[in-house]
Amino acid sequence: MIADVLADTGARMDRAVEAAKEDFATVRTGRANPQLFQKILVDYYGSPTPLAQLASLNNIEARTIVVTPYDKSALKAIEQAIRDTPNLGANPTNDGNLVRVTMPELTEERRKEYVKLVRTKAEDAKVHVRGIRRKAKDDLDALKSDVGEDELVRAEKELDSLTRAHVDAIDDALKRKEAELLEV
């Protein structure tokens, strides 16, 4: 029973770390990256549809992405959705067949704002991991009558090391993203 709780907790913490990494990928750096466009929703015939389902994204230059829609009638909606996306700062151009998005150069002030944003996202992810730990601790405490005190203490130590490992993984991803953001 303890092993089940720890295995479930580890899997949930792994998903939290992956979600944090995906969230970091949506913060733009000096380079154009197709992952920046993963969370953009386009109003496609009245329903919000992820951009990746409507078009292919190709990185042709360091700061330029070409969005080629599968349905040419969605060009205007795709262009408008990219323009309306906050924290992207991109100005898309439409030539009738595809949308070309050139990312502007980041200023030092903007880079620092993005670092703050990424740190906030990292802290939110760590809080989520700690919440998962708290629930697992409650689950372990509920097993107190079924297992011995020693088993419970051992499981809590294992839970703490599991939590520490996942928080460290978030910190490592944060350091990599900060270095990427501050790189000129």
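Here the structure is shown first, and the text comes after it.
These figures come from a predicted structure and were not determined experimentally. (Residues numbered from 1 in each chain as written. Predicted model: local features only at pLDDT ≥ 70, side-chain atom pairs only at ≥ 80, totals over all residues. Heavy atoms only, no water.)

Asker: What exactly am I supposed to notice about the overall build of the protein here?
Answerer: Each helix and strand counted, the protein has 5 helices and 6 strands in total. Helices (α) and strands (β) of the protein occur, in sequence order from the N terminus, as α-β-β-α-β-β-α-β-β-α-α. Projecting the C-alpha coordinates of the protein onto the three principal axes gives extents of approximately 70 × 40 × 20 Å. Burial statistics for the protein: of 184 residues in total, 37% are counted as buried. Expressed as a percentage of contacts within the protein between residues at least 6 apart in sequence, the contacts between residues at least 24 apart total 62%. A total accessible area of about 10,400 Å² is found for the protein, and carbon and sulfur atoms account for 49% of it. (Helix = DSSP H or I, 4+ residues; strand = E, 2+ residues; numbered from the N terminus. Buried < 20%, exposed > 50% of the residue type's maximum accessible area, 1.4 Å probe, protein only. Contact = heavy atoms within 4.5 Å. Areas by Shrake-Rupley, 256 points an atom, 1.4 Å probe, with all protein chains shown as cover.)

Asker: Help me understand unusual backbone geometry in this model?
Answerer: The general pattern is negative phi for most residues beyond glycine and trans for most peptide bonds. Phi angles above zero are rare outside glycine, and Tyr45 is one such case at about 50°. Note on placement: Tyr45 falls in the loop between β1 (41-44) and β2 (47-50). The exposure class of Tyr45 is exposed, given its relative accessible area of 66%.

Asker: Help me understand the side chain of Thr49 in this model?
Answerer: Tracing the sequence through the fold places Thr49 in strand β2. Look at Thr49 and you get buried, because its relative accessible area is 11%. Within polar-contact distance, the side chain of Thr49 engages the backbone oxygen of Ser47 at 3.2 Å. (Polar contact = N/O pair within 3.5 Å; in protein donor to acceptor, adjacent residues only side chain to side chain.)

Asker: Help me out: how do you make sense of the pairing of strand β3 (residues 55-61) in this one?
Answerer: Regular strands have side chains that alternate between both faces of the sheet. Bridging between β3 and strand β4 (residues 64-69) involves 6 bridges; their strand directions are antiparallel. Within β4, the position partnered with Glu61 by the bridge is Thr64. (Pairing = 2+ DSSP bridges.)

Asker: Is there a simple way to explain the packing of aromatic side chains in this structure?
Answerer: Any pair of aromatic rings gets described here by the distance separating the centres and the angle formed by the planes. With the rule as written, the count across this model stands at 1 aromatic pair. Centre to centre, the rings of Tyr44 and Tyr45 are 4.7 Å apart; their planes meet at 65°, and the pair counts as edge-to-face. (Phe/Tyr/Trp six-rings, centres within 6.5 Å; stacked < 30°, edge-to-face > 60°.)

Asker: Whenever I open this one, the environment of Leu98 confuses me. Can you help?
Answerer: Tracing the chain through its elements places Leu98 in the loop between β5 (91-94) and β6 (99-102). In this structure, the C-alpha to C-alpha distance between Leu98 and Val66, residues 32 residues apart in sequence, is 6.9 Å.

Asker: How should the packing of helix α1 (residues 2-25) against helix α5 (residues 149-182) be read in this particular structure?
Answerer: Helix-helix packing is characterised by the crossing angle of the two axes and by the distance between the axes. Running from amino to carboxyl end, α1 crosses α5 at an angle of 10°, the nearest separation of the two axes being 10 Å. Here α1 is positioned roughly parallel relative to α5, judged by the angle of their axes. Classifying every residue of the contact of α1 with α5 by side-chain character gives 13 nonpolar, 4 polar and 6 charged. (Axes fitted to C-alpha atoms, helices over the stretch in contact; angles between N-to-C directions. Parallel < 35°, antiparallel > 145°, perpendicular 65-115°, else oblique. Nonpolar A, V, L, I, M, F, W, Y, C, P; charged D, E, K, R; others polar.)

Asker: Sorry if this is basic, but what is going on with the nonpolar core here?
Answerer: A general tendency of soluble globular proteins is for nonpolar side chains to be buried together. Phe37, Leu51, Val67, Ile78 and Ile82 are the most contacted members of the largest nonpolar core, which totals 21 residues. Contributions of two or more residues to this core are made by α2 (51-54), β3, β4, α3 (75-84) and β6. In this view, Leu51 contacts Phe37, Ile40, Val42, Leu57, Val67, Ile78 and Ile82; residues no more than four positions away in its chain are not counted. Counting residues in each nonpolar core, the second largest holds 19 residues, with Val27, Val118, Ile170 and Leu174 among its members. (Core = buried A, V, L, I, M, F, W, Y, C linked by side-chain atoms within 4.5 Å.)

Asker: When you look at the pattern of salt bridges in this model, what are you seeing that I'm missing?
Answerer: Pairing of side chains with opposite charge becomes possible as their charged atoms draw close. On inspection of all chains with the given rule, the structure shows 16 salt bridges. Among the ionic pairs, Glu178 bridges to Arg119, the shortest N-O distance being 2.5 Å. On the criterion of sequence distance, the pair formed by Glu178 in helix α5 and Arg119 in helix α4 (residues 108-142) is long-range, its members being 59 residues apart. Using a relative accessible area of 46% as the deciding quantity, one classes Arg119 as partly exposed. Ionic pairing is found between Arg154 and Glu151, a salt bridge with its closest N-O pair at 3.1 Å. Of this pair, Arg154 and Glu151 both sit in helix α5, 3 residues apart, roughly one helical turn. Note on Glu151: relative accessible area 40%, which makes it partly exposed. (Salt bridge = Lys/Arg side-chain N within 4 Å of Asp/Glu carboxyl O.)

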